[in-house]
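Observations on the three-dimensional arrangement
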Amino acid sequence: MAGVIFLAACLQASTGFGMGMLAAPVIAMVDPELLPATLILLALLVTILVTVRERQSLDLRGTGWALVGRVPGSIVGAFLVVALSKEGLAWAVAIVVFTGLVLAVRGWAPKPVRVNLIAAGAASGIMGTATSIGGPPMALIWQGHHGPQLRGTMSAFFMVGSSISMVSLGLAGAVTSEMLTLALWMVPAVVAGYAASRMVNRFLNAARLKLLALGASALGSALLVFQLTMAAMAS
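The following paragraphs examine the structure supplied in this document. (Residues numbered from 1 in each chain as written. Predicted model: local features only at pLDDT ≥ 70, side-chain atom pairs only at ≥ 80, totals over all residues. Heavy atoms only, no water.)

**Some points on the overall build of the protein**
Broken down by element type, the protein carries 10 helices and 0 strands. Traced from its N-terminal end to its C-terminal end, the protein shows the element sequence α-α-α-α-α-α-α-α-α-α. Its C-alpha radius of gyration of 16 Å places the protein within 12% of the 18 Å reference for a compact globule of 235 residues. Dimensions along the principal axes, computed over C-alpha positions, put the protein at roughly 50 × 35 × 35 Å. Counting contacts in the protein only where the partners sit at least 6 residues apart, residues at least 24 apart contribute 83% of the total. Working note: accessible area of the protein is about 10600 Å², and carbon and sulfur atoms make up 72% of it. (Helix = DSSP H or I, 4+ residues; strand = E, 2+ residues; numbered from the N terminus. Rg over C-alpha atoms; globule rule 2.2 N^0.38 Å. Contact = heavy atoms within 4.5 Å. Areas by Shrake-Rupley, 256 points an atom, 1.4 Å probe, with all protein chains shown as cover.)

Here's what the structure looks like:
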């Protein structure tokens, strides 16, 4: 699992998104009950590091409007975590990832105007809090940003958004000591992934990193769906 977290943190730090899409399907295969709080905590650490690094390139206006939608979305997402079974949560992870993949491949590019930013923030809040995968809506709305601006703006949004999600999950009683312990053990992998991203950025452009993130996410989700299907057939 540490290897997956390392790669996911590297992708998140390089592109501004992708950590949940890559790591959540793998964690869901190991133990769905560790989602979403474990991954949200680790993503929070990555976003803090990247926000500080890219602080000169932030789109603060866009981030502010997106956060307007993130708050109510996070509350709805926390309710879903409590309401869904671990199998239901695993299916939710797979569906969210596949939806993000389809929209990205089809090239849907909504304009980053106020209404769309609020709607994307709300969708990200629901998805991110319920499944730890809140990147697809924001990646779609901010896909016109490039390089440091994309990484910095996405990271600033997720830094605040992940904090809101953790508070919502805590109030809903969806954060356990096992989640916190695993997150603590995975911190070195996250820091190493962030450090590696500084070198990766010199050799891989944004298009190749995005392709890698989407490909890894598709594979992880396919494996998760296969496992769930086999479990359903055996029961």
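On we go.
**A word on the pattern of salt bridges**
For the coordinates displayed, the defined rule picks out 2 salt bridges. Ionic pairing is found between Glu54 and Arg151, a salt bridge with its closest N-O pair at 3.3 Å. With Glu54 in the loop between helix 3 (37-53) and helix 4 (60-83) and Arg151 in helix 8 (residues 147-171), the pair connects residues that are 97 residues apart, well separated along the chain. Each of Arg53, Glu54 and Arg151 takes part in one network of salt bridges that share partners. (Salt bridge = Lys/Arg side-chain N within 4 Å of Asp/Glu carboxyl O.)

**Quick word on the packing of aromatic side chains**
Within the structure shown, the criterion is met by 2 aromatic pairs. Ring centres of Trp142 and Phe157 lie 6.0 Å apart, and the angle between their planes is 80°; this geometry places the pair in the edge-to-face category. One end of the pair, Trp142, is in the loop between helix 7 (135-141) and helix 8; the other, Phe157, is in helix 8, with 15 residues separating them in the sequence. The class of Phe157 is buried, set by a relative accessible area of 0%. Through a chain of ring-to-ring contacts, the aromatic side chains of Trp142, Phe157 and Phe158 assemble into a single cluster. (Phe/Tyr/Trp six-rings, centres within 6.5 Å; stacked < 30°, edge-to-face > 60°. Buried < 20%, exposed > 50% of the residue type's maximum accessible area, 1.4 Å probe, protein only.)

**Points about the nonpolar core**
Ile5, Met19, Leu35, Leu39 and Leu169 are the most contacted members of the largest nonpolar core, which totals 42 residues. In contact with Met19, not counting residues within four places along its chain, are Ile5, Ala8, Ala9, Gln12, Ala24, Leu39, Leu42, Ala43, Val46 and Val190. Of all hydrophobic cores here, the second largest spans 13 residues; its members include Leu117, Ala139, Ile141 and Phe157. (Core = buried A, V, L, I, M, F, W, Y, C linked by side-chain atoms within 4.5 Å.)

**Digging into the side chain of Gln12**
By the element assignment, Gln12 lies in helix 1 (residues 2-15). Overall, the relative accessible area of 5% leaves Gln12 in the buried class. At a separation of 3.5 Å, a polar atom in the side chain of Gln12 contacts the main-chain amide nitrogen of Gly18. Those residues in contact with Gln12 that lie beyond four places of it in its chain are Phe17, Gly18, Met19, Val46, Thr47 and Phe158. (Polar contact = N/O pair within 3.5 Å; in protein donor to acceptor, adjacent residues only side chain to side chain.)

**As for the side chain of Thr47**
In this fold, Thr47 is placed in helix 3. You can call Thr47 buried: its relative accessible area is 1%. Once you skip the residues sitting within four places of it in the chain, Thr47 turns out to touch Gln12, Ser155, Phe158 and Met159.

**A look at helix 5 (residues 86-106)**
The terminal C-alpha atoms of helix 5, which comprises 21 residues, lie 31 Å apart, in line with the 30 Å expected from a rise of 1.5 Å per residue. Residues of helix 5 that are buried: Leu89, Ala90, Ala92, Val93, Ala94, Val96, Val97, Gly100, Leu101 and Ala104. You can read the cap of helix 5 off the contacts: a side-chain oxygen lies 3.1 Å from the backbone nitrogen of Gly88, and it is on Ser85. Just downstream of helix 5 lies Gly107, where phi reads positive at about 75°. (Expected span 1.5 Å × (residues − 1).)

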